[in-house]
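# Topology and contacts: notes
What follows is each chain in one-letter form.
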Amino acid sequence: MSLPPIDTDYLLQFLTDLLNTPSPTGFAHQVIARVEQALSGFPGLQVTHTRKGALVATWAGKASGSPRALTAHVDTLGAMVKEIKSSGRLKLTKIGGFAWNTVEGEGCTVFTRTGESVRGSLLLTKASGHVHGGQVNETKRDDDTMEVRLDARTASADETRALGVEVGDFVAFDPRLVVTDGFVRSRHLDDKACVACLLAAVKALYDANLQPAQTTILHISNYEEVGHGAASGFPPDLAELVTVDMAAVGEGQTSDEFHASLCVKDSGGPYHHGLSQKLRSLAEEHAIPYKVDIYPYYGSDGEAYWRAGGDVAVALIGPGVDASHSYERTHLEALVATTQWVVAYLLS
Ligand SMILES: [Zn+2]
């Protein structure tokens, strides 16, 4: 059978909504609500939250004897206020694994305890070339040499506190989304791109009046970037888990921005051979553009479930994303390929 068409306008619009909703790990409730709202447009999906804040939607299949799950994460890299300096500027602590130089100069938002937000930007402490000369280039970027300059009149810790800013406030970096000729350039395509692919797959089946072959759980994880996102939230009789997360593009990799990738091994070791083979066969059968790859510095939510004791087959697919955990970019072709792959799996 041929696959139902993918609504690419819907996919890109929903992805735009997700990217423009800040969600550093631990502060993902707004984007979780946005996904829940989107899922509510598909009657028949039973949507619940885990206590940890993940979203779990259950979709009844033609059969229910061997339930499956797909997981993708909406939390992103970000930071938290570690200290308010005597200058009124902020020292941060990172949330997730990234290098400070990848966010240097980026706009950011600090979310205060009272629900206010304060804008600012992340700079080197010795940012001005006219003041610090060669030190701008030579200074090592670390927690001590990076700081937030708030867009507010403050020159002391007290004045910053008067804005409502405190230690422990979450900080989100601007996504800086630009779409050009099918290229989608933004921070946090990891993994909002795949959440948008999941929703576009659901819409493709609904639009075509189709039902998944097996009862399927859609798990939207909110703690992936710190390693334990999908460690919980699945039914005990789950048989298979397909993690949908970005593919690592770069030197030595087969992945690119125009294909979906099947990851057969990453830092956590090999994925489930049988389930990986099944996904490969589905891609061949439906002429889905795909690559098979190995990611050298990478862990996934599927492995988080394995480590937590999940006794299921786990595999990993996703669109190629260039410059991951930096200023990321993919192409609509990779997003469509990933969505088609999810659709093929749901119907298989
Ligand atoms: Zn990810």
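What counts as what
Residues numbered from 1 in each chain as written. Predicted model: local features only at pLDDT ≥ 70, side-chain atom pairs only at ≥ 80, totals over all residues. Heavy atoms only, no water. Helix = DSSP H or I, 4+ residues; strand = E, 2+ residues; numbered from the N terminus. Rg over C-alpha atoms; globule rule 2.2 N^0.38 Å. Buried < 20%, exposed > 50% of the residue type's maximum accessible area, 1.4 Å probe, protein only. Contact = heavy atoms within 4.5 Å. Areas by Shrake-Rupley, 256 points an atom, 1.4 Å probe, with all protein chains shown as cover. Lys, Arg positive; Asp, Glu negative; His and termini not counted. Charge placed at Lys NZ, Arg CZ, Asp CG, Glu CD. Donors = N, O, S within 2.8 Å, 3.2 Å for Na, K, Ca; no water. Tetrahedral: all angles 85-135°; square planar, octahedral: opposite > 155°, others 65-115°. Pairing = 2+ DSSP bridges. Axes fitted to C-alpha atoms, helices over the stretch in contact; angles between N-to-C directions. Salt bridge = Lys/Arg side-chain N within 4 Å of Asp/Glu carboxyl O. Parallel < 35°, antiparallel > 145°, perpendicular 65-115°, else oblique. Nonpolar A, V, L, I, M, F, W, Y, C, P; charged D, E, K, R; others polar. Core = buried A, V, L, I, M, F, W, Y, C linked by side-chain atoms within 4.5 Å. Left-handed = near helix turned anticlockwise from the far one by under 90°. Phe/Tyr/Trp six-rings, centres within 6.5 Å; stacked < 30°, edge-to-face > 60°. Lys NZ or Arg CZ within 6 Å of the ring centre and 35° of its normal.

Turning our attention to the overall build of the protein. The helix and strand inventory of the protein stands at nine helices and 19 strands. A globule of 348 residues ought to have a C-alpha radius of gyration of about 20 Å, and the protein, at 21 Å, matches this closely. Principal-axis analysis of the C-alpha atoms gives the protein an extent of 65 × 40 × 40 Å. The 348 residues of the protein split such that 54% are buried. Looking at the protein alone, contacts between residues at least 24 apart form 77% of all its contacts between residues at least 6 apart. Carbon and sulfur atoms form 49% of the exposed surface of the protein, whose accessible area is close to 14,400 Å². Across the protein, the mean location of the 29 positive side-chain charges is 4 Å away from that of the 42 negative side-chain charges.

Moving on, we come to the coordination of the zinc ion. With distances of 1.9 to 2.5 Å, the protein atoms coordinating the zinc ion are His73 (NE2), Asp190 (OD), Asp245 (OD) and Asp245 (OD). Relative to the metal, the four donor atoms surrounding the zinc ion lie at angles of 53 to 142°, and the coordination shape comes out irregular. Donor residues binding the zinc ion come from one chain and are separated in sequence as H-x116-D-x54-D. Taken together, the residues span a long stretch of sequence, with aspartate 190 in helix α6 (residues 189-207) and aspartate 245 in the loop between β13 (240-244) and β14 (247-248) at a distance of 55 residues. For the pair shown, aspartate 190 and aspartate 245 are each scored as buried.

The sheet built from three strands is open, its strands ordered β10-β11-β19 with antiparallel pairing. The two strands at the open ends of the sheet, each matched to only one other strand, are β10 (178-180) and β19 (329-331). Across the sheet, the mean angle from the axis of one strand to that of its neighbour is 20°, orientation sign disregarded. Examined bridge by bridge, β10 and strand β11 (residues 183-185) share three bridges and lie antiparallel to one another. Looking at the pairing, valine 179 lines up with valine 184 of β11.

Right, let's get into the pattern of salt bridges. Counting across every chain of the model gives 16 salt bridges. When the shortest N-O distance is used, the salt bridge between glutamate 147 and arginine 89 registers 3.0 Å. Residue glutamate 147 is located in strand β8 (residues 146-150), and its partner arginine 89 is located in the loop between β4 (78-84) and β5 (90-95); the two are separated by 58 residues in the primary sequence. Between arginine 141 and glutamate 104 there is a salt bridge whose closest N-O contact spans 2.8 Å. A residue pair is termed long-range when its members are at least 10 positions apart, and arginine 141 in the loop between α4 (135-138) and β8 and glutamate 104 in the loop between β5 and β6 (107-111) qualify at 37 residues. What emerges from the salt-bridge pattern is a single network uniting Lys82, Glu83, Lys91 and Asp144.

In this section: the packing of helix α1 (residues 8-19) against helix α2 (residues 29-39). Contact pair α1 / α2: the axes reach a minimum separation of 10 Å and the direction vectors enclose 155°. Considering their axes alone, α1 and α2 lie roughly antiparallel with respect to each other. Facing Tyr10, Phe14, Asp17 and Leu18 of α1, the residues of α2 in contact are Val31, Arg34, Val35 and Ala38. Of the residues contributing to the contact of α1 with α2, the split by class is six nonpolar, no polar and two charged.

In this section: the nonpolar core. Ranked by size, the top nonpolar core spans 61 residues in total, and within it Val35, Leu70, Val195, Leu199, Leu279 and Trp341 carry the most contacts. At 13 residues, the largest contribution of residues to this core is made by α6. The residues touching tryptophan 341, leaving out its near neighbours within four places in the chain, are Ala260, Ser261, Leu262, Leu279, Arg280, Leu282, Ala283, Ile288, Tyr290 and Ile317.

Where α1 meets α6, the closest approach of the two axes is 9 Å, and the angle between their N-to-C directions is 140°. It follows from the interaxial angle that α1 and α6 lie oblique. Crossing handedness for the pair α1 and α6: right-handed. Contacts from Tyr10, Leu11, Phe14, Leu15, Leu18 and Leu19 of α1 reach α6 at Leu189, Lys192, Ala193, Val195, Ala196, Leu199, Ala200 and Lys203. In terms of residue class, the contact of α1 with α6 is made up of 12 nonpolar, no polar and two charged.

Let's shift gears to the packing of aromatic side chains. A full pass over the atoms with the stated rule returns 12 aromatic pairs. Judged by centre distance (5.0 Å) and plane angle (45°), the rings of phenylalanine 42 and tyrosine 206 are tilted. Of this pair, phenylalanine 42 sits in the loop between α2 and β1 (45-49) while tyrosine 206 sits in helix α6, and the two are 164 residues apart along the sequence. Here the aromatic residues Phe27, Phe111 and Phe170 are joined through ring pairs into a cluster of three or more. When the ring centre of tyrosine 345 is taken as origin, the NZ or CZ atom of arginine 68, which lies over that ring, is 4.8 Å away.

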